[in-house]
Amino acid sequence: MKLNRRGFLKGVSFAAAPLVLPGCTALTFSSNEKIRVAVIGLGRIATSFEIPCVLARPDLARIVAVCDLDSRRVDLAKSNIEKSYREKGLAGYTVDTYSDYKAVCARKDIDAVMLCLPDFWHALIASTAICAGKAVWLQKPFTQTIK
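Residues numbered from 1 in each chain as written. Predicted model: local features only at pLDDT ≥ 70, side-chain atom pairs only at ≥ 80, totals over all residues. Heavy atoms only, no water.

In this model helix α2 (residues 44–55) runs 16 Å from its N-terminal to its C-terminal C-alpha over 12 residues, within 8% of the 16 Å that 1.5 Å per residue would give. Where α2 is concerned, the buried positions are A46, E50, I51, V54 and L55. Seen end-on, α2 carries its buried residues on one side only, within an arc spanning 130°. Buried residues belonging to α2 abut β1 (35–40), β2 (61–67), α3 (71–87), β4 (112–115) and β5 (135–138). (Helix = DSSP H or I, 4+ residues; strand = E, 2+ residues; numbered from the N terminus. Expected span 1.5 Å × (residues − 1). Buried < 20%, exposed > 50% of the residue type's maximum accessible area, 1.4 Å probe, protein only. Arc of directions from axis to C-beta. Contact = heavy atoms within 4.5 Å.)

Okay, here's the thing in structure tokens:
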């Protein structure tokens with residue numbers, strides 16, 4: 001196998017990523033724990049599809065935080081999620097609210113984020129979440145260009 005300079009640099013940079021970007025490491029998760037999910041972006045896709053799918057399986061995952069720039073969307077999502085959990089017998093369950101996705105990604109207790117945003121935000125916010133050690137769910141496309 002012939003190794004060229006580009007192949008070598010690509011391999012070294014991939015192997016060094018966890019050292020340079022400490023958050024870019026494998027997610028450690030116990031199979032007995034519930035996945036703690038944050039939802040970033042609370043528009044139509046989030047409220048009609050993504051959030052209800054997580055709420056349908058409280059035995060597997062729980063929404064612990066919601067984030068959007070629109071405070072009305074944040075308040076409505078928080079209210080609906082807490083109401084759903086109350087109806088499932090989880091009285092007193094609360095959801096934290098944010099307007100800044102970086103604060104959500106900085107939380108150590110969040111395992112996964114669901115990105116329900118316009119396409120042009122996918123790459124930036126997904127990269128931030130991944131490098132913070134979060135699992136990421138987002139609709140395609142990941143980004144708008146190859147570059």
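Moving on to the sheet that holds strand β3 (residues 96–98). With parallel pairing, the 5 strands of this open sheet are ordered in space as β3-β2-β1-β4-β5. Two strands close off the open sheet at either side, each with one partner strand: β3 and β5. In this sheet, neighbouring strand axes are inclined to one another by 25° on average, regardless of whether the strands run parallel or antiparallel. Of the strand pairs in this sheet, β2 and β3 are connected by 3 bridges, and their pairing is parallel. Paired with V66 across the strands is T97, a residue of β3. Along the sheet, helix α5 (residues 119–131) contacts β1, β4 and β5; its crossing angle with β5, the most-contacted strand, is approximately 160°. (Pairing = 2+ DSSP bridges. Axes fitted to C-alpha atoms, helices over the stretch in contact; angles between N-to-C directions.)

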